[in-house]
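Now for the letters of each chain:
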Amino acid sequence: MRVAIVGSGPSGLYAVRSLLESSTTVSIDVFDRLPAPYGLVRYGVAPDHPKMRTVIRVLRESFHDSNDVGFFGNVAFGRDLTHRDLRDHYHTVVYATGTQADRTLDIPGEDLAGSCSAREFVDWYCGHPDTADRDFDLHIGQVAVVGAGNVALDVARMLAKGYPEIATTDVPDRVLRALRTSEVTDIHVFARRGAAHAKYTPIELREMGKLVNADVLVRPDELVVDADGEARMAASRQVRQNVEMLRDWSSRTPEGRPRRVHLRFLRSPVRILGAQAVAGLVVERNEPGDDGRVVGTGERESVEAGLVLRAVGYRAHPLPDVQFDPVTSTVPHARGRVLDETGRPVPGDYVVGWAKRGPTGVIGTNKSDAAETVASILEDAPRLVPPPYQAREHLRLALARRGVRFTTWPGWLRLDAYERELGRAQARERVRVADRQLMLDVSDDATP
Ligand code: NAP
């Protein structure tokens with residue numbers, strides 16, 4: 001069976017593994033719009049979390065020579081490759097495209113310079129090719145972060161850490177320079193609900209308490225736990241751990257470290273201040289309502305900020321020729337089988353990861369998620385229609401004829417070695433290359 005996987009992040013590559021582990025003979029091609037593989041493992045996991053990236057060791061095994069697995073990087077579905085192309089070359093197409101866009105706050109001032117999604121900031125420090133020309137001016141005193149999920153903590157932590165803590169990471173050189181000269185002193189992280197409703201996980205929260213360069217400040221009067229919060233604490237150890245940690249911090253005296261992370265609760269953003277660029281954020285105090293909801297009190301406060309990062313979740317874009325549910329921002333499916341507008345499965349089309357279940361869960365969640373989809377594929381396999389063209393070479397030629405400069409697995413290994421070599425000179429494990437052209441040049445199969 002020939003299988004195309006669109007997206008080389010953890011969900012796509014766990015699907016590859018799951019297919020290889022089955023007793024069916026498979027020939028798989030993995031496509032990615034970026035020249036390098038690994039999706040959010042490379043471009044989402046924070047640079048100071050190298051342990052989380054060790055999953056790469058598992059994911060790359062699929063590309064071992066003994067498996068019939070190809071990689072086509074720098075190939076965008078919908079631009080370089082159509083649904084028709086895929087159906088002409090593969091029995092099965094698995095969409096592992098994740099979420100490409102961000103939720104917005106829809107408040108005045110959101111369009112000001114210096115108001116961005118946390119994703120843009122994450123892309124920047126992870127060396128994403130889409131932000132290779134982007135720079136963040138950190139000669140500002142204060143930053144406001146909106147949201148109480150792990151992404152909010154990631155960006156707050158990266159801003160709070162001192163240069164020595166970042167200097168060993170693999171951030172691109174220009175990011176390291178910006179963080180070295182950062183004048184940020186205060187990072188305000190606003191949760192619209194209470195502490196028992198924060199989405200971040202205790203492991204990530206605990207790290208904030210271990211920052212050598214920053215104090216964590218929590219206000220005791222904001223740690224009100226309502227009835228719904230009490231129920232959540234009783235039901236979940238993680239919620240209890242979060243609230244207990246926050247209570248502990250709220251009773252501590254700050255140690256006078258150079259930076260401060262203010263974890264604020266029951267505060268909704270209502271307006272971003274500034275003329276041309278962001279100057280601050282106005283938040284409204286909320287009171288706990290029913291069922292975990294909050295009610296605005298009308299009482300407002302503003303904080304100065306030269307940068308406002310919204311970390312309020314991701315959403316997906318519809319994929320060309322693939323059904324999309326704009327309400328859940330996912331591809332409608334039944335156990336991974338893509339459904340058409342009448343709710344019937346589209347033969348040969350499948351979905352995994354965030355495109356399937358929305359932007360939730362950790363990297364490992366994708367393993368069971370992919371296994372479910374692969375089980376559906378294997379069940380349907382006897383009924384799948386063979387494609388007219390089954391040779392990988394045929395697709396390679398089609399892409400080449402269109403002038404698509406795609407990268408390959410050996411090309412990625414060259415880029416990987418190149419980044420490690422750059423790192424060696426600075427006693428870092430690697431230095432990310434963000435420039436797409438350079439990524440392509442280094443990955444080029446013609447390069448000796
Ligand atoms: P998330 O966990 O869904 O958190 C989004 C946050 O934004 C919530 O606190 C939400 O509050 C808040 N929010 C949404 N709309 C808002 C609005 N209009 N105004 C104010 N606040 C608003 O999303 P995420 O942080 O982007 O993370 C996505 C996924 O990646 C999660 O599964 C996360 O665990 C995972 N992740 C994991 C790691 C890690 O393991 N280290 C790192 C990064 C990301 P409400 O709850 O009130 O809606």
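Residues numbered from 1 in each chain as written. Predicted model: local features only at pLDDT ≥ 70, side-chain atom pairs only at ≥ 80, totals over all residues. Heavy atoms only, no water.

Peer 1: Whenever I open this one, a nonpolar patch on the surface confuses me. Can you help?
Peer 2: A cluster of nonpolar side chains, contributed by Tyr418, Leu422 and Leu438, occupies part of the molecular surface with about 220 Å² of accessible area. By the secondary structure assignment, Leu422 is in helix H15 (residues 409-424). (Patch = residues over 30% accessible without salt bridge, like charges linked within 9 Å, V, L, I, M, F, W, Y side chains within 5 Å. Areas by Shrake-Rupley, 256 points an atom, 1.4 Å probe, with all protein chains shown as cover. Salt bridge = Lys/Arg side-chain N within 4 Å of Asp/Glu carboxyl O. Helix = DSSP H or I, 4+ residues; strand = E, 2+ residues; numbered from the N terminus.)

Peer 1: Sorry, what's going on with the pattern of salt bridges here?
Peer 2: When the charged atoms of two side chains lie near each other, side chains of opposite charge can form a pair. Taken as a whole and judged by the stated rule, the model has 48 salt bridges. The shortest N-O distance in the salt bridge between Asp130 and Arg436 comes to 3.3 Å. Of the two residues, Asp130 is situated in the loop between helix H5 (118-126) and strand E7 (142-146) and Arg436 in helix H16 (residues 436-443); the sequence distance between them amounts to 306 residues. When its relative accessible area of 43% is taken as the criterion, Asp130 is described as partly exposed. When its relative accessible area of 23% is taken as the criterion, Arg436 is described as partly exposed. The residue Arg383 makes a salt bridge to Asp380 at a minimum N-O spacing of 3.1 Å. Via salt bridges that share partners, Arg42, Asp416, Glu419, Arg420, Glu429 and Arg430 belong to a single interconnected network. (Buried < 20%, exposed > 50% of the residue type's maximum accessible area, 1.4 Å probe, protein only.)

Peer 1: When you look at the site of the ligand in this model, what are you seeing that I'm missing?
Peer 2: Around the ligand, 22 residues are found, and the nearest of them are Ala148, Arg192, Arg193, Glu204 and Gly361. Taking Lys199, its side chain carries an N or O atom lying 3.1 Å from an oxygen atom of the ligand. Separating an oxygen atom of the ligand from a backbone N or O atom of Ala311 is a distance of 3.5 Å. A total of 920 Å² of accessible area belongs to the ligand in isolation, and the protein chains cover 85% of it. The greatest single-element share of the shell around the ligand, amounting to 3 residues, is contributed by helix H6 (residues 150-160). For the shell around the ligand, the class distribution of residues is 10 nonpolar, 6 polar and 6 charged. (Near = heavy atom within 4 Å. Polar contact = N/O pair within 3.5 Å; in protein donor to acceptor, adjacent residues only side chain to side chain. Nonpolar A, V, L, I, M, F, W, Y, C, P; charged D, E, K, R; others polar.)

Peer 1: It is not clear to me how the sheet that holds strand E6 (residues 115-117) should be interpreted in this structure. Could you clarify?
Peer 2: Across a sheet, strands are paired by hydrogen bonds formed along the backbone, either parallel or antiparallel in direction. Taken in spatial order, the 6 strands of this open sheet run E6-E14-E7-E8-E10-E9, and their pairing is parallel. For this open sheet the edge positions go to E6 and strand E9 (214-218), each flanked by a neighbour on one side alone. Neighbour-to-neighbour, the strand axes of this sheet turn through a mean angle of 20°, independent of strand direction. Taken together, the 5 bridges between E9 and strand E10 (residues 259-264) define a ladder with parallel strand orientation. Bridge pairing in E10 places Val218 opposite Leu263. Its contacts with the sheet place H6 against E7, strand E8 (186-190), E9, E10 and strand E14 (307-310), and it is angled at close to 175° to E8. Packed onto the sheet, helix H11 (residues 237-250) meets E9 and E10 and runs at close to 105° relative to E9. (Pairing = 2+ DSSP bridges. Axes fitted to C-alpha atoms, helices over the stretch in contact; angles between N-to-C directions. Contact = heavy atoms within 4.5 Å.)

Peer 1: Teacher, can you tell me more about the nonpolar core here?
Peer 2: Inside soluble globular proteins, nonpolar side chains tend to come together where they are buried. Ile5, Tyr125 and Leu263 are the most contacted members of the largest nonpolar core, which has 93 residues in total. When residues in this core are grouped by element, the largest group, 7 residues, is from H6. Those residues in contact with Ile5, other than ones at most four positions away along the chain, are Gly12, Ala15, Val16, Leu19, Ile28, Asp29, Val30, Phe31, Val94 and Ala96. In this structure, Phe72, Val351, Leu399 and Val404 belong to the second largest nonpolar core, which totals 20 residues. (Core = buried A, V, L, I, M, F, W, Y, C linked by side-chain atoms within 4.5 Å.)

Peer 1: Got a minute to help me understand a positive patch on the surface in this structure?
Peer 2: Together, Arg103, Arg192, Lys199 and Arg232 make up a region of like positive charge exposed at the surface. Within the element layout of this structure, Arg103 appears in the loop between strand E5 (101-102) and E6. (Lys, Arg positive; Asp, Glu negative; His and termini not counted. Charge placed at Lys NZ, Arg CZ, Asp CG, Glu CD.)

Peer 1: When you look at H11 in this model, what are you seeing that I'm missing?
Peer 2: With 14 residues, H11 extends 20 Å between its outermost C-alpha atoms, agreeing within 8% with the 20 Å of an ideal straight helix rising 1.5 Å per residue. Packing partners of the buried residues in H11 comprise helix H9 (202-208), E9, helix H10 (227-235) and E10. Between a side-chain oxygen at the N-terminus of H11 and the backbone nitrogen of Gln238 the separation is 3.2 Å; the capping residue is Ser236. (Expected span 1.5 Å × (residues − 1).)

Peer 1: Explain the state of the cysteines here, please?
Peer 2: Covalent bonding between the sulfur atoms of two cysteines is what defines a disulfide. Throughout the structure, instances matching the rule amount to 0 disulfides. Residue Cys116 stays outside any disulfide, its sulfur separated by 15 Å from that of Cys126, the closest cysteine. On the accessibility criterion, Cys116 (2% relative accessible area) is buried. (Disulfide = S-S within 2.5 Å.)

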